[in-house]
Amino acid sequence: MLSEEVKKLEQSLLASNKILLIMHRKPDGDAIGSILAMRNYLADLKKQITCFCVDVVPENYNYIKEIQFIENDLNKITNNEFDSCIMLDCADIGMTRIKEILENKKFPLGKINIDHHVTNNNYGNINIVIGEASSTAEVIYLIFKSLKYEIGVSTATCLLTGILTDTNNFTNGGTTQQSIEAASELLKIGANINQVLNAHIFNKTVDVLKLWGEVLKRIVYSKELNMVITAVFADDIKKFNLDEEATEGISNYLNNLSSDIKCSLVLKDNGIGRVRGSLRTTRDDVDVSQIALIFGGGGHKKAAGFEISGKLVFNNNIWQIVQ
Ligand SMILES: [Mn+2]
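Residues numbered from 1 in each chain as written. Predicted model: local features only at pLDDT ≥ 70, side-chain atom pairs only at ≥ 80, totals over all residues. Heavy atoms only, no water.

A. Local environment of helix α6 (residues 153-166). With 14 residues, α6 extends 20 Å between its outermost C-alpha atoms, agreeing within 8% with the 20 Å of an ideal straight helix rising 1.5 Å per residue. For α6, the tally of buried residues reaches 10 of 14 residues, placing the bulk of the element in the interior. Residues of α6 that are buried sit in contact with α2 (29-44), α5 (136-147), α7 (177-189) and α8 (193-200). Following α6 by one or two positions, Asn168 adopts a phi angle in the positive range, close to 50 degrees. (Helix = DSSP H or I, 4+ residues; strand = E, 2+ residues; numbered from the N terminus. Expected span 1.5 Å × (residues − 1). Buried < 20%, exposed > 50% of the residue type's maximum accessible area, 1.4 Å probe, protein only. Contact = heavy atoms within 4.5 Å.)

B. The arrangement of unusual backbone geometry in detail. Phi angles above zero are rare outside glycine, and Asn226 is one such case at about 50 degrees. With respect to the secondary-structure elements, Asn226 resides in the loop between β7 (220-222) and β8 (227-233). Owing to a relative accessible area of 18%, Asn226 belongs among the buried residues under this scheme. The residue Asn317 is not glycine, and still its phi comes out positive at about 65 degrees. Mapped onto the elements of the fold, Asn317 is located in the loop between β13 (311-315) and β14 (318-322).

C. The arrangement of the domain arrangement of the protein chain in detail. If you check the domain split of the protein chain, you get domain 1 (2-200) and domain 2 (206-322). Spacing between the C-alpha centres of domain 1 and domain 2 amounts to 27 Å. Contact with domain 1, which involves 11 residues of that partner, is made by 11 residues of domain 2. Together domain 1 and domain 2 conceal approximately 840 Å² of surface at their shared face, both sides included; 51% is due to carbon and sulfur atoms. Put simply, domain 1 and domain 2 have 2 salt bridges between them. Its residues placed into classes, the side of domain 1 that touches domain 2 shows 2 nonpolar, 6 polar and 3 charged. (Domains from an automatic or database assignment. Buried area = accessible area lost by both parts, 1.4 Å probe. Salt bridge = Lys/Arg side-chain N within 4 Å of Asp/Glu carboxyl O. Nonpolar A, V, L, I, M, F, W, Y, C, P; charged D, E, K, R; others polar.)

D. Focus on the coordination of the manganese ion. The manganese ion binds to the protein through Asp30 (OD), Asp89 (OD), His116 (NE2) and Asp166 (OD); the donor distances cover 2.2 to 2.4 Å. Within one chain, the residues donating to the manganese ion are spaced in sequence as D-x58-D-x26-H-x49-D. One end of the pair, His116, is in the loop between β5 (111-115) and β6 (126-129); the other, Asp166, is in helix α6, with 50 residues separating them in the sequence. For His116, a relative accessible area of 1% translates into the label buried. (Donors = N, O, S within 2.8 Å, 3.2 Å for Na, K, Ca; no water.)

E. A look at the nonpolar core. Ile70, Ile86 and Ile114 are the most contacted members of the largest nonpolar core, which totals 53 residues. Beyond its immediate stretch of four places on either side in the chain, Ile70 contacts Met23, Ile32, Ile35, Leu36, Cys51, Cys53 and Val57. Core analysis: the second largest hydrophobic core is formed by 17 residues, Leu265, Val286, Ala304 and Trp319 among them. (Core = buried A, V, L, I, M, F, W, Y, C linked by side-chain atoms within 4.5 Å.)

F. Geometry of the packing of aromatic side chains. Under the counting rule described, the total for this entry stands at 8 aromatic pairs. Joined through ring pairs, the aromatic side chains of Tyr41, Phe144 and Tyr149 make up one cluster. For the cation-ring pair, Lys18 lies above Phe82, with the distance from its terminal atom to the ring centre recorded as 5.9 Å. One cation-aromatic arrangement involves Arg39 over Phe69; the distance from NZ or CZ to the ring centre is 3.7 Å. (Phe/Tyr/Trp six-rings, centres within 6.5 Å; stacked < 30°, edge-to-face > 60°. Lys NZ or Arg CZ within 6 Å of the ring centre and 35° of its normal.)

G. Representation of α7 within the structure. End to end, α7 covers 18 Å across 13 residues, agreeing with the expected 18 Å (1.5 Å per residue, within 8%). Taken as a whole, α7 has its buried residues at Ser179, Ala182, Ala183 and Leu186. For α7, the angular spread of buried residues about the axis comes to 95 degrees, placing them on one side. Exposed side chains of α7 directed beyond 90 degrees from the buried face belong to Gln177 and Lys188. Contacts from the buried residues of α7 go to α5 and α6. One or two steps after α7, the chain reaches Gly190, where phi turns positive at roughly 120 degrees. (Arc of directions from axis to C-beta.)

Here's what the structure looks like:
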C-alpha cells in the first residue's frame, strides 16, 4: 500500500517543476521538520520550491538552517502557478487555514497529503497517511527509505526535530520501536540531538514556569469523569509578557499524571470568544480523539484537540465553556 502511493508520489514530483509545500497553521516541530526535509529532497532534485505557512515560525527553530525558506506571504501562492502541492501534517485541509485558495487553485500534477493523524480523511489525490507513525517526520523518513534517497545531516536534524517533538521526547504513545529506530538511524547520519533538546525540552524560562504554576493551581479533578481539567487565559500570557508558545508544553506536562486518571484536558480561553482544548492520555483503553471529534476537532488516540466558540468560567467546582 505504502509502496504504491510512494510510486505515485515519486512520479508526480519528478514530473513537476514548481512545487508548493504547505503545513498547518501554528506550526510545530513536526510540521516544520517535515516541510524542510521534503524541501531538501526536492532541492536535490533541482525543483522550484515554495514552502508556506500562514503563521510565522517560532524563533526556537532557528537552529535549523533551512528555516529561512519558509514564507508566510500569501501573494507567493496566489500570484503563482504550481504543478503540484504537498500538504504536510494536516489532518484536514482546513488546518492550512487557506482551504478555499487550495481548493480553487489548479495543481495539474496533484495534491499530495502526507500525514500521521488517524482522523485524516484522505483529502489528496495522493495520500500517504500512516496512523501508527509517531510523526509526519517518521512518515517522510519511511518515504525517503523507500525512494532510496540519501538523507543528509541537515535533513536528519529536521526529521529528528519532528520525531522528538511529536513523541514528547519519547514519552508519549507515539513512541514505538519504529520511531526509535528511525531516530537512531538519523543520529547515525549525524542529526544534532543537542540542538533539538536545547530548543524544545531544556528551554523554559523562569517566567514560563511561573505561568505554568498559575495554570497548575487551577487544576480540577472530576471524580465523575475521572479526568483533570485546567484553564489558561489570555491574561496569564500578558501578565508575564509571554506569547502563546509559552503554554505549549502544559498539556504534555499534565500527561505525567498517574494512569489511574483517564485523561487530562487543558482549556485555553483566547479572550476574544474562542476556547481551545488539548486532550492527553497515556492509557490504551482511552481514545481522546473521539472526545475531540464531538467538538469538531480531531487528532490521535492519545493526543487530540478542538476549538469552539465561548469563554471559560469556573462554575460548580468545574471549568465550563459557556456562550
Ligand atoms: Mn505531527
